[in-house]
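Listed below, chain by chain, are the residues.
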Amino acid sequence: MPMSAMPKSGMPSGALAMLILRVLRSGPTHGYAIAQRIHLLSSEVLEVEEGSLYPALQKLLLKGWTHSEWGISETGRKVRFYRLTLAGERQLEAELAEYGRMNEAIQAVLRTA
């Protein structure tokens, strides 16, 4: 399939979990705020849809990388606040290291090919 005919895939596989964990490193927050923070920090390039965000958050909970508690948002709504666990911190470090390694390899090919 020619490159121009390939469907756009959005974020690379696994990137959403890494981004969520990184946002949570700054402190507990709720789902909508996580999506907004990713959008703003990416200079409005990345958009996280609810259909991707909440299943990803559920997977992070099941893996023990996050913990959640119900609370009240700044707008007065009942929301689920997520926070990074120690296991999540270790996972984030591993994912950042792997991302850095892969990024360097891709950059090497782009510079020298």
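Everything here concerns the structure above.
Residues numbered from 1 in each chain as written. Predicted model: local features only at pLDDT ≥ 70, side-chain atom pairs only at ≥ 80, totals over all residues. Heavy atoms only, no water.

Trainee: Where do I start with the environment of A35 in this structure?
Mentor: Tracing the backbone shows A35 in helix 2 (residues 31–41). Counting along the chain gives 12 residues from A35 to E47, while the straight-line C-alpha distance between them is 7.2 Å. Residues in contact with A35, not counting those within four places in the same chain, are V48 and L53. (Helix = DSSP H or I, 4+ residues; strand = E, 2+ residues; numbered from the N terminus. Contact = heavy atoms within 4.5 Å.)

Trainee: Just checking my understanding: could you explain the sheet that holds strand 3 (residues 78–84) for this structure?
Mentor: In sheet architecture, strand pairing relies on hydrogen bonds along the backbone and comes in two forms, parallel and antiparallel. Taking strand neighbours across the sheet as the criterion, the 3 strands line up as 1-3-2 in an open arrangement whose pairing is antiparallel. Each edge of the sheet is formed by a strand with only one pairing partner; in this case those strands are strand 1 (29–30) and strand 2 (66–72). Lying on the sheet, helix 1 (residues 15–25) is in contact with strand 1, strand 2 and strand 3; it crosses strand 3 at an angle near 90 degrees. (Pairing = 2+ DSSP bridges. Axes fitted to C-alpha atoms, helices over the stretch in contact; angles between N-to-C directions.)

Trainee: Would you explain the packing of aromatic side chains in this entry?
Mentor: Centre-to-centre distance and the angle between the planes together describe a pair of aromatic rings. One pass over the full model with this rule turns up 0 aromatic pairs. Taking the ring centre of W70 as reference, the NZ or CZ of K78 above it sits at 5.4 Å. (Phe/Tyr/Trp six-rings, centres within 6.5 Å; stacked < 30°, edge-to-face > 60°. Lys NZ or Arg CZ within 6 Å of the ring centre and 35° of its normal.)

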